[in-house]
Amino acid sequence: MKILSKQNVFDAALDRIRYLFAEFPNVVIGISGGKDSTIVFELGMRVARELGRLPMPVFFLDQEAEWTATIDYVRRVMYLPEVIPLWMQMPMHLDNAASFTTKWLKCWDPEQEADWVHPKDPISIKENVYGTDRFKDLFPAIFAKHFPGQKVAILSGVRTEESPARLMGLTGEITYKWITWGKKLSPNQYTFYPVYDWSYTDVWHAIQSEHWPYNRIYDYQHRYGIPVNQMRVSNLHHETAVRSLFHLQEMDPPLYERLAKRLPGVDTAGKFGQEFYAQKLPFMCSATGASTAIS
């Protein structure tokens, strides 16, 4: 059951971030290039200025197969004088949802440098010294390495409106003191989601009314007619973003060519479009094709 507050989500998010600054000597803002992390970045920077906590560490795990507009946005953020850049461009393994035969993309593979989707930036962190190359294990490893034994809060843009599972996961139990909207990475190090209760309309209203810069790929997606709930800016072979390959060649042809050369399955998904997904189960998986049970 949702408990409504008299406070609007904008002011509530600012108060949540202020509380985290008071509780944690180290606060890091995580960005992805998406609209939700854009909001968290702007709110976090506003509080940091207010409290005299600049410059702010800003973290981006670059998965190589990113929209050109995402990299443009990230570069703008990372070069701000108020930012300490933690821009990770290092070897790691990611699932490849665009192919049935090539399970992984080894991001930033030194042996594939000529075919990288976009070049490494001069200010990025380029060596993986974190003891793992698996995506899900990298986050705690990175922060444990950069802030050894220290108390850290990472601000991240996750909203419960996008998924009932997220709603249950972010409101079901206490993560830190009275806070449910977060998760524990390791002892004394946490990720928090201060805009967890925002609607997508709140997000776009804030971006427009505050005149905040944002990832322009959303403009292309809107003009293309993509439904709001399908607008994605995550890496282009991610399981939730494969749909982006269906129109990538129209929105960003040079990026499509580089990505198709870099990763098997991309060109197939791009050409098949919606037909890339199975439309019906094979006969042996259907009710009529089921085997007789043995009693």
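This is a predicted model, so every value here is computed, not measured.

A. How the structure looks around the pairing of strand β3 (residues 83–88). Relative to β3, strand β2 (residues 56–61) runs parallel, the two being bridged by six bridges. Pairing of L61 across the sheet is with M88, part of β3. This β-α-β element, β2 to helix α3 (residues 68–78) to β3, shows right-handed connectivity.

B. How the structure looks around helix α7 (residues 217–224). Among the residues of α7, those classed as buried are I217, Y218 and Q221. Viewed end-on, α7 has its buried residues packed into an arc of 100 degrees, placing them on one side of the element. Away from its buried face, by an angle of more than 90 degrees, α7 presents the exposed residues H222 and R223. Buried residues belonging to α7 abut α2 (35–51), α3, α6 (200–210) and α8 (245–251). One or two steps after α7, the chain reaches G225, where phi turns positive at roughly 90 degrees.

C. Layout of the sheet that holds strand β1 (residues 26–30). One open sheet holds the six strands; their spatial order is β3-β2-β1-β6-β8-β7, and the pairing between them is mixed. Of all strands in the sheet, those with a lone pairing partner are β3 and β7 (182–186), marking the two edges. Each neighbouring strand pair of the sheet contributes to a mean axis angle of 25 degrees, computed without reference to strand direction. Note that β1 and β2 share two bridges and pair parallel. Paired with I29 across the bridge in β2 is V58.

D. Fine view of the pattern of salt bridges. Summed over the entire model, instances satisfying the criterion amount to 15 salt bridges. For the salt bridge of R18 with E50, the shortest nitrogen-to-oxygen distance reads 2.7 Å. Of the two residues, R18 sits in helix α1 (residues 9–23) while E50 sits in helix α2, which places them 32 residues apart along the sequence. On the basis of relative accessibility, which here comes to 28%, the residue R18 falls in the partly exposed class. A salt bridge links E161 to R159, with the shortest nitrogen-to-oxygen separation between them at 2.7 Å. Accessibility expressed as a relative area gives 41% for E161, which makes it partly exposed. Each member of the salt-bridge network shares a partner with another, and the members are D15, R18 and E50.

E. View of the packing of aromatic side chains. Throughout the structure, instances matching the rule amount to 19 aromatic pairs. Between F24 and Y190, the ring centres sit 6.0 Å apart and the planes meet at 75 degrees, which makes this aromatic pair edge-to-face. In this pair, F24 is assigned in the loop between α1 and β1 and Y190 in strand β8 (residues 189–192), connecting sequence segments 166 residues apart. Accessibility expressed as a relative area gives 1% for F24, which makes it buried. A centroid spacing of 5.9 Å and a plane angle of 65 degrees characterise the contact between W181 and F192, whose relative ring orientation is edge-to-face. One end of the pair, W181, is in the loop between α5 (164–171) and β7; the other, F192, is in strand β8, and 11 residues separate them in sequence. The class of W181 is buried, set by a relative accessible area of 3%. Aromatic ring contacts, followed pair by pair, group Y19, F24, Y176, W178, W181, Y190, F192 and Y196 into a single cluster. Its end group placed over the ring of W181, R16 keeps NZ or CZ at 5.8 Å from the ring centre. The ring of F24 has K151 lying over it, and the distance from NZ or CZ to the ring centre is 5.0 Å.

Analysis parameters
- Every residue gets a number counted from 1 within its own chain, in the order that chain's sequence is written.
- Only residues with pLDDT of at least 70 get local features here, since the model is predicted, and only at 80 or more are side-chain atom pairs given and counted; chain-wide, interface and lining totals rely on the full set of residues.
- With hydrogens and water set aside, each side-chain value is computed from the structure's full complement of heavy atoms.
- Strands qualify as paired when DSSP identifies two bridges or more between them.
- A run of DSSP states H or I qualifies as a helix once it reaches four residues; a run of E qualifies as a strand once it reaches two. Both are numbered from the N-terminal end.
- Seen with its strands pointing away from the viewer, a crossover is right-handed when the path leading from the first strand over the helix to the second is clockwise.
- Here's how the labels work: a residue is buried when its accessible area is under 20% of the maximum for its type, exposed when over 50%, partly exposed in between, all with a 1.4 Å probe on protein chains only.
- Directions are taken from the helix axis to each C-beta atom, and the arc is the one they span.
- For this analysis, residues touch if any pair of their heavy atoms sits within 4.5 Å.
- Only the stretch in contact is used when a helix axis is fitted, and all axes are lines through C-alpha atoms; the angle between N-to-C directions ranges over 0 to 180 degrees.
- Each salt bridge in this description consists of a side-chain nitrogen of Lys or Arg and a carboxyl oxygen of Asp or Glu lying within 4 Å of one another.
- By convention, a stacked pair of Phe, Tyr or Trp rings (six-membered ring in the case of Trp) has centres within 6.5 Å and planes under 30 degrees apart, an edge-to-face pair has planes over 60 apart, and any other such pair is tilted.
- Any Lys NZ or Arg CZ found within 6 Å of a ring centre and within 35 degrees of that ring's normal is scored as a charge over the ring.

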